[in-house]
Amino acid sequence: MSLASGVTTEEPAAAPPIAPPNAPPIAPGRVRPHRPPVLPRILRAAVTGATKSAAIVALLLSWELAPRFGLVDRTFLPPFSEVAEAWWGLVADGQLADNAQASLVRSFTGFGIAVAVSVPLGLLIGWYRPVADLLNPLLQVFLNTAALALLPVFVLLLGIGETSKISIVVYACAWPILFNTISAVRTVDPTLLRLAKSLDLSAPRLFQKVILPASVPTIFTGIRLAGAVSIVVLVAAEMVGAKAGLGYLINASQYNFAIPQMYAGIVTISVIGVAFNQLLVAVEKRLSSWRVPATS
């Protein structure tokens, strides 16, 4: 527009940019996806990992320094570095692998039998009220009887071999799985049940599509509790008449006053327990992938 002459004129439109002769054609409307920077993600992952491991690092540091500064008697609590050295020695001569394998076979066998028996039985008791009324008093008696209190009974009836050790693990693991499964079935949202019944679902379809998916989180709470119980009870059982296993290793190290080896066995049990729990958490997430995550 020209203002000096008082006459309005239109300026020529700007010519479109000319692409170089060898430039690739530009697809109209194509937008490159936005990718978040890699460095911030790495930093966030590092901060998260440091936060989660801070308490463990503090514990190990205290374990290392307290005996060295005389805060505790290093005869009965050696520094963590000595325990780590003893652990590596057990790994090198094969003792740790042999004993851990014996314990894992017993623990996983008993745990698997308990899951296979308790989950279907819990679903049956939770679904049919008459069965629950019939069995509940008996179940309460066994629930309140500690597994380790029955260990002498299992040894007397089944001997000191593998059968008694696996049986005590089955007994100890069955009750948390059973009662959590019963609770899971009974606490399904009544709104979901009414909605499913309004769709004229048959009883088997109602059980498959509503009851089982809604019960998975509570059932896995019991399974995770049983996973921890299976290792603890087994270690106690292996201290009575066993010839192999982590409990046997800890007990034999105590009698021989090999204190670093004893703590190495205890640390191994803790690591196995944490790894087993994380495995169960991963399976639970896989089976509960339909759930909508809670928003903060």
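All values reported here derive from a predicted model rather than from experimental measurement.

Conventions and cut-offs
- Residues numbered from 1 in each chain as written.
- Predicted model: local features only at pLDDT ≥ 70, side-chain atom pairs only at ≥ 80, totals over all residues.
- Heavy atoms only, no water.
- Helix = DSSP H or I, 4+ residues; strand = E, 2+ residues; numbered from the N terminus.
- Contact = heavy atoms within 4.5 Å.
- Areas by Shrake-Rupley, 256 points an atom, 1.4 Å probe, with all protein chains shown as cover.
- Buried < 20%, exposed > 50% of the residue type's maximum accessible area, 1.4 Å probe, protein only.
- Phe/Tyr/Trp six-rings, centres within 6.5 Å; stacked < 30°, edge-to-face > 60°.
- Salt bridge = Lys/Arg side-chain N within 4 Å of Asp/Glu carboxyl O.
- Axes fitted to C-alpha atoms, helices over the stretch in contact; angles between N-to-C directions.
- Parallel < 35°, antiparallel > 145°, perpendicular 65-115°, else oblique.
- Left-handed = near helix turned anticlockwise from the far one by under 90°.
- Nonpolar A, V, L, I, M, F, W, Y, C, P; charged D, E, K, R; others polar.
- Core = buried A, V, L, I, M, F, W, Y, C linked by side-chain atoms within 4.5 Å.
- pLDDT = per-residue confidence, 0-100.

### So, the overall build of the chain
Now for step 1: Per the secondary structure count, the chain includes ten helices and zero strands.
Now for step 2: Tracing the chain from N to C terminus, the helices and strands come up as α-α-α-α-α-α-α-α-α-α.
Now for step 3: Taking all contacts inside the chain whose residues are at least 6 apart in sequence as the whole, residues at least 24 apart take part in 71%.
Now for step 4: On the chain, roughly 19,300 Å² of surface is accessible, and the fraction owed to carbon and sulfur atoms is 68%.

### Observations concerning helix H9 (residues 246-255)
Now for step 1: Taken as a whole, H9 has its buried residues at Leu246, Gly247, Leu249, Ile250, Asn251 and Ser253.
Now for step 2: On its buried face, H9 is in contact with helix H2 (80-92), helix H3 (95-127), helix H8 (203-238) and helix H10 (259-287).
Now for step 3: Downstream of H9 by one or two residues, Phe257 has phi in the positive range, about 60°.

### Some points on the packing of aromatic side chains
Now for step 1: What the rule picks out here adds up to ten aromatic pairs.
Now for step 2: Ring centres 6.3 Å apart and planes at 85° place the aromatic pair Phe76 and Phe257 in the edge-to-face group. You can see Phe76 sitting in the loop between helix H1 (38-68) and H2 and its partner Phe257 sitting in the loop between H9 and H10, a full 181 residues away along the chain.
Now for step 3: The class of Phe257 is partly exposed, set by a relative accessible area of 48%.
Now for step 4: Here Phe108 and Phe276 contribute two aromatic rings whose centre-to-centre distance is 5.0 Å and whose plane-to-plane angle is 45°, an arrangement assigned as tilted. Of this pair, Phe108 sits in helix H3 while Phe276 sits in helix H10, and the two are 168 residues apart along the sequence.
Now for step 5: What makes Phe108 partly exposed here is its relative accessible area of 39%.

### Structural notes on the pattern of salt bridges
Now for step 1: Under the defined criterion, the tally for this structure stands at five salt bridges.
Now for step 2: In this structure, Glu64 engages Arg68 in a salt bridge whose closest nitrogen and oxygen atoms are separated by 2.5 Å. Note that Glu64 and Arg68 are positioned in helix H1 at a spacing of four residues, about one turn of the helix.
Now for step 3: When salt bridges with common partners are traced through the structure, they connect Arg106, Glu162 and Glu238 into a single cluster.

### Things to note about the packing of helix H7 (residues 190-198) against H8
Now for step 1: Between H7 and H8, the least distance of the axes is 10 Å, while the angle of their chain directions is 150°. Looking at the two axes, H7 sits roughly antiparallel to H8. By crossing handedness, the relation of H7 to H8 is classed as right-handed. In this structure, H7 uses Leu192, Leu193, Ala196 and Lys197 to contact H8, whose residues at the interface are Leu206, Val210 and Ile211.

### A word on the packing of H3 against helix H6 (residues 162-186)
Now for step 1: Packing of H3 against H6 brings their axes to within 6 Å, and their N-to-C directions diverge by 30°. The orientation of H3 relative to H6 falls into the category roughly parallel. The handedness of the crossing between H3 and H6 is right-handed.
Now for step 2: Split into classes, the residues belonging to the contact of H3 with H6 amount to 18 nonpolar, seven polar and four charged.

### Side note on the nonpolar core
General note: in soluble globular proteins, nonpolar side chains tend to be found buried as a group.
Now for step 1: Among the nonpolar cores identified, the biggest contains 53 residues, and Phe111, Ile168, Ile223 and Leu246 are the most heavily contacted of them.
Now for step 2: Counting residues per element, the ones that place at least two in this core are H2, H3, helix H4 (129-143), helix H5 (151-158), H6, H8, H9 and H10.
Now for step 3: The element that contributes the greatest number of residues to this core is H8, accounting for 13 residues.

### Some words on the confidence of the model for the chain
Now for step 1: Looking at the chain, pLDDT values average 81 and 84% of them are 70 or higher.
Now for step 2: The low-confidence segment residues 1-10 (pLDDT under 50) makes six contacts with residues lying over four places distant or belonging to another chain.

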